[in-house]
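This is what each chain is made of:
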Amino acid sequence: MEGSDKAYDVIVVGVGGIGSAAVYHLSQRGLDVLGLDQYSIPNSVGSSHGDSRLIRLTNYEDPEYVPHVRRSIDLWESLEEEYGEQLLFRTGTVDAGPEGSETVEGAITACEEYDLPYEHLSAAELSEQFPGFRLPSDFEAVHQPDGGFIHPTRCVQAHVAGAHDNGAETHAHETVVEWDTTDDGVRVQTDLTTYEADQLVLTAGAWKDVFPERVAEKLTPWRVIVGGFQPESPEKFTPDALPVFSINEGDQGYYGAPAAGTSGFKFGLVDNLEDVADPSDFDPRPTEKEKERLRTVLYDKAREYFPEGARSTKRLKTCMVTHTPDQDFIVDSLPDRPQVKVGAGFSGKGFKFSGLMGELLADLVTEEASKVDLEIFEMDRF
Ligand SMILES: Cc1cc2nc3c(=O)[nH]c(=O)nc-3n(C[C@H](O)[C@H](O)[C@H](O)COP(=O)(O)OP(=O)(O)OC[C@H]3O[C@@H](n4cnc5c(N)ncnc54)[C@H](O)[C@@H]3O)c2cc1C
């Protein structure tokens, strides 16, 4: 049996977006690491798969995250160089909404505060520069040239390939059923065997039962959908022609990305269809209600903002995102059991930061100073 009963420096539970980055960064520091996942690595059951995840420097919701995005971009660029395939697509980003909306004001604040290049455009000016957009005339937008999207499946693959090169071991289809701390480390029981390690990193995404109660009770997995459309004018919806975007109208948020890979023109809405009670029972097949939502809500709105972007439906993807009450992440050591580190609650915006989260978890394990502020991620804030 693979590595049976072997002792490691660190075991990482969950090799999705964040766990794969943790395995990579820990192995880069010369540690003997085992990453365990209940499914394939990568898999399309968890939250880290598909063709695109937005990476915006204009973090209008919370400008405090701008240094984290900057560090993330540096890490994606160096991983890209090491892996030899494009991971980051710098399409630029557009944040838009009605005049004076929090989205536009927040994006401008982030740009001003952190000295980011940007353009403040009317709806007409936006369409002139990027003809795919046709926003209502009372909308305005902030265009920032440095963001774009990253390719999630490829990023997980790149982290895992790098970790393997560094000597790390990963096991697919091995489920952690129990873990506990010991006098000098941790013991991890899987459905196949038992392992020991000095430290444990928990990055189990929506599977909140893996986390200790005080973390699990702060996590709510949502079921979300995202649409993919066949554009009427494909040349206006390529990564060269269309920035990724985030549009807020009233309380409703929409986001999307140019056509890439198999997804078509991506258009999603930020919405919880239902809480996911048990992620292991998550059925990714769209329900009748979700199919109807693709044909009405998503299609209609995509056509309203991008009349040539949605000739017909192409794809409907369901997925889980795991939220915390304040939408900030939990990246911390357990106060009562410091040999256990937690990376959880990435609240629908965590993939862009996955490389950085891997680095921060490795900093916690090796007790090194982090390059960005960790305070917003501490679990004591609750
Ligand atoms: C539709 C959609 C759009 C999104 N858009 C964006 C975006 O534009 N920008 C952005 O930054 N983020 C975005 N996100 C969010 C981002 O994708 C997530 O925050 C991120 O992928 C979370 O990664 P994770 O590692 O925490 O979870 P996962 O990738 O789900 O990894 C958890 C892993 O743990 C494993 N696991 C669980 N329990 C066990 C066990 N007992 N034993 C072994 N293994 C176990 C699972 O199998 C899984 O592989 C989006 C998410 C979705 C679904």
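In what follows, the accompanying structure is described. Just so it is clear, the structure is predicted and the values come from calculations on it, not from any experiment.

What follows covers the nonpolar core. If you look at the biggest cluster of nonpolar residues, it comprises 53 residues, and the most contacted ones within it are L26, V331, M357 and F377. Of all the secondary-structure elements, those providing two or more residues to this core are β1 (7-13), α1 (17-28), α2 (66-83), α3 (102-113), α5 (152-165) and α8 (354-366). The element that contributes the greatest number of residues to this core is α8, accounting for seven residues. The contacts of M357, once residues within four sequence positions are left out, are I18, F329, V331, F346 and F377. V13, W179, V188 and W207 belong to the second largest nonpolar core, which has 29 residues in total.

In this fold, V215 is placed in helix α6 (residues 213-216). For V215, a relative accessible area of 0% gives the class buried. Taking the C-alpha atoms as reference, V215 lies 39 Å from T313; in sequence the two are 98 residues apart. For V215, the residues in contact, after removing those within four places along its chain, are I330, L334, V342, A344 and M379.

A few words now on the packing of aromatic side chains. Applying the stated criterion to the full structure yields 24 aromatic pairs. With centroids separated by 5.6 Å and ring planes inclined at 65°, the aromatic side chains of Y65 and F329 adopt a geometry described as edge-to-face. Of this pair, Y65 sits in the loop between β3 (53-55) and α2 while F329 is found in the loop between β18 (312-323) and β19 (330-334), placing the two residues 264 residues apart along the sequence. On the accessibility criterion, Y65 (0% relative accessible area) is buried. By relative accessible area, F329 is classed as buried at 0%. Their ring planes at 35° and their centres at 6.0 Å tell us that F245 and F267 sit as a pair that is tilted. Linking F245 in strand β14 (residues 244-249) with F267 in strand β16 (residues 265-269), this pair joins segments that are 22 residues apart in sequence. Since its relative accessible area comes to 0%, F245 is described here as buried. Aromatic rings pair up to connect F133, F139, F237, F245, Y254, F265, F267, Y305 and F306 into one cluster. Here K349 stacks its cationic end above the ring of Y65, 4.9 Å away from the centre of that ring.

What follows concerns the site of the ligand. Taken together, 33 residues lie around the ligand, and D37, S47, S48, L54 and C319 are the ones closest in. Measuring from an oxygen atom of the ligand, one finds a side-chain N or O atom of D37 at 2.6 Å. The separation between an oxygen atom of the ligand and a polar main-chain atom of G350 is 3.3 Å. In the complex, 95% of the free accessible area of the ligand, which totals 1,000 Å², lies under the protein chains. Where the shell around the ligand is concerned, the elements lending two or more residues are α1, β3 and β18. No other element matches β18, which puts three residues into the shell around the ligand. Taken together, the residues of the shell around the ligand sort by class into 15 nonpolar, 13 polar and five charged. Residue assignment places the shell around the ligand across two domains, with domain 1 (7-48 + 153-218 + 326-381) and domain 2 (91-146 + 220-323) each supplying three or more.

Another aspect to go through is a negative patch on the surface. On the surface, D209, E213, E217, D278 and D281 cluster together into a patch of negative charge. As for its placement among the helices and strands, D278 is situated in the loop between β17 (274-275) and α7 (288-305). The class for D278 is partly exposed, based on a relative accessible area of 36%.

Now for α5. Along its 14 residues, α5 runs 20 Å from first to last C-alpha, staying within 8% of the 20 Å computed at 1.5 Å per residue. Looking only at α5, the buried set comprises P152, C155, V156, A158, H159, V160, G162 and A163. Positioned one or two residues after α5, G167 has a phi angle of 100°, which is positive.

So, about the packing of α2 against α8. As a packed pair, α2 and α8 sit with axes 8 Å apart at the nearest point and diverge in direction by 95°. By the angle class used here, α2 and α8 are roughly perpendicular. In this structure, α2 uses H68, R71, S72, L75 and W76 to contact α8, whose residues at the interface are S354, G355, L356 and E359. When the residues that make up the contact of α2 with α8 are grouped by side-chain class, the tally is three nonpolar, four polar and two charged.

Contact geometry for α1 and α8: axes closest at 7 Å, N-to-C directions at 50°. Here α8 runs oblique to α1, going by the angle between their axes. Two packed elements cross with a definite hand, and for α1 against α8 that hand is right-handed. Every residue of α8 that contacts α1 at G17, I18, A21, A22, H25 and L26 is listed here: S354, G355, M357, G358, E359, L361, A362 and V365. Here the contact of α1 with α8 is composed, by residue class, of eight nonpolar, five polar and one charged.

About the cut-offs
Residues numbered from 1 in each chain as written. Predicted model: local features only at pLDDT ≥ 70, side-chain atom pairs only at ≥ 80, totals over all residues. Heavy atoms only, no water. Core = buried A, V, L, I, M, F, W, Y, C linked by side-chain atoms within 4.5 Å. Buried < 20%, exposed > 50% of the residue type's maximum accessible area, 1.4 Å probe, protein only. Helix = DSSP H or I, 4+ residues; strand = E, 2+ residues; numbered from the N terminus. Contact = heavy atoms within 4.5 Å. Phe/Tyr/Trp six-rings, centres within 6.5 Å; stacked < 30°, edge-to-face > 60°. Lys NZ or Arg CZ within 6 Å of the ring centre and 35° of its normal. Near = heavy atom within 4 Å. Polar contact = N/O pair within 3.5 Å; in protein donor to acceptor, adjacent residues only side chain to side chain. Areas by Shrake-Rupley, 256 points an atom, 1.4 Å probe, with all protein chains shown as cover. Nonpolar A, V, L, I, M, F, W, Y, C, P; charged D, E, K, R; others polar. Domains from an automatic or database assignment. Patch = residues over 30% accessible without salt bridge, like charges linked within 9 Å, V, L, I, M, F, W, Y side chains within 5 Å. Salt bridge = Lys/Arg side-chain N within 4 Å of Asp/Glu carboxyl O. Lys, Arg positive; Asp, Glu negative; His and termini not counted. Charge placed at Lys NZ, Arg CZ, Asp CG, Glu CD. Expected span 1.5 Å × (residues − 1). Axes fitted to C-alpha atoms, helices over the stretch in contact; angles between N-to-C directions. Parallel < 35°, antiparallel > 145°, perpendicular 65-115°, else oblique. Left-handed = near helix turned anticlockwise from the far one by under 90°.

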